[in-house]
Amino acid sequence: PPAPEATPLPQEVTLHFGDAVTGYGIHEVQTLGSGKDCRYVAPISGFLMPGVAPASKAVIHVQGLRRRFPEVLNGASLIVNGRPVNAKIYLNPKSGSWNISGSLSSRDLRQDKNLIELRLPNGIPEGEEHSPTADMPVAILYVSIKTLDQTTQPALDDPQALSDA
């Protein structure tokens, strides 16, 4: 009998932080007053995401809901499979939600799984090193990776357009 056809890889994957998350520096699910589920993460955290369909370009989007203090996102960076991402940070001044978005190339992504790292060099304010919440500077709602065809371009010039929180 012929071999079963492989299921094609998705062009977009989203990891909701209210669901199971495999990685490090990730805390238990928190349900906010708004009913949204999120997880606080450590100043250096990483999480595995499923593979995506091969493409020459893609975009990554990290949607956050909370920050423990205003400067926590200063110097924030994203690393995808060991490669730094040229990312843009947007902070919604009214709600306090934030997002980080960046463009990816075909060499940045894998088809089996992808390791996403969020690094917050200002994640622990001075004098708070021993606080019970020191390793919980931000909360994440979800992370998505979307591959783009040649006719679709990421809207990274306006990260606010990507913010839905």
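Residues numbered from 1 in each chain as written. Predicted model: local features only at pLDDT ≥ 70, side-chain atom pairs only at ≥ 80, totals over all residues. Heavy atoms only, no water.

Caption draft 1: Looking closely at the pairing of strand E8 (residues 98-105). In terms of burial, E8 is a largely internal element, seven of the eight residues being buried. Where strand E4 (residues 57-67) and E8 come together, eight bridges link them in antiparallel fashion. The residue bridging Gly64 from the neighbouring strand is Trp98, located in E8. The sheet contact formed by strand E7 (residues 87-91) and E8 spans five bridges and is antiparallel. Within the sheet, the bridge partner assigned to Tyr90 lies in E8 and is Asn99. If you look at the hairpin formed by E7 and E8, you'll find six residues sitting between the two strands, and Gly96 has a positive phi there, around 85 degrees. (Buried < 20%, exposed > 50% of the residue type's maximum accessible area, 1.4 Å probe, protein only. Helix = DSSP H or I, 4+ residues; strand = E, 2+ residues; numbered from the N terminus. Pairing = 2+ DSSP bridges.)

Caption draft 2: The arrangement of the confidence of the model for the protein chain in detail. Taken residue by residue, the protein chain gives an average pLDDT of 86. The fraction at 70 or more is 87%. Counting contacts from residues 150-157, a segment whose pLDDT is below 50, to residues more than four positions away or on other chains yields 14 contacts. (pLDDT = per-residue confidence, 0-100. Contact = heavy atoms within 4.5 Å.)

Caption draft 3: Focus on the side chain of Ser97. Its place among the elements puts Ser97 in the loop between E7 and E8. Overall, Ser97 belongs to the buried group, its relative accessible area being 2%. Here Ser95 takes part through its side chain, which lies 2.9 Å from a polar atom of the side chain of Ser97. (Polar contact = N/O pair within 3.5 Å; in protein donor to acceptor, adjacent residues only side chain to side chain.)

Caption draft 4: Just the pairing of strand E9 (residues 113-119), in detail. Looking at chain direction, strand E3 (residues 37-50) and E9 are connected through seven bridges and run antiparallel. Along E9, the bridge assignment pairs Met49 with Asn114. Two strands pair when backbone bridges link them, and strand E5 (residues 77-80) and E9 are joined in this way by four bridges, in the antiparallel orientation. Paired with Val80 across the bridge in E9 is Ile116.

Caption draft 5: The nonpolar core, seen in detail. With 29 residues, the main nonpolar core has Ile60, Leu118, Ile140 and Ile145 as its most contacted residues. Counting residues per element, the ones that place at least two in this core are strand E1 (12-16), E3, E4, E5, E8, E9 and strand E10 (138-148). Looking at this core element by element, the count peaks at four residues for E10. Setting aside its immediate chain neighbours within four residues, Ile145 contacts Gln11, Glu12, Val13, Met49, Val52, Ala58, Val59, Ile60, Leu104, Leu109 and Ile116. In this structure, Leu32, Cys38, Met136 and Tyr142 belong to the second largest nonpolar core, which totals eight residues. (Core = buried A, V, L, I, M, F, W, Y, C linked by side-chain atoms within 4.5 Å.)

Caption draft 6: Just the pattern of salt bridges, in detail. Scanning the entire structure with this criterion turns up three salt bridges. Two residues, Asp108 and Arg83, come together in a salt bridge whose shortest N-O distance is 3.9 Å. Here Arg83 lies in strand E6 (residues 83-84) and Asp108 lies in the loop between E8 and E9, a separation of 25 residues in the sequence. Judged by its relative accessible area of 11%, Asp108 falls in the buried class. According to the relative accessible area criterion, Arg83 is partly exposed, its value standing at 34%. (Salt bridge = Lys/Arg side-chain N within 4 Å of Asp/Glu carboxyl O.)

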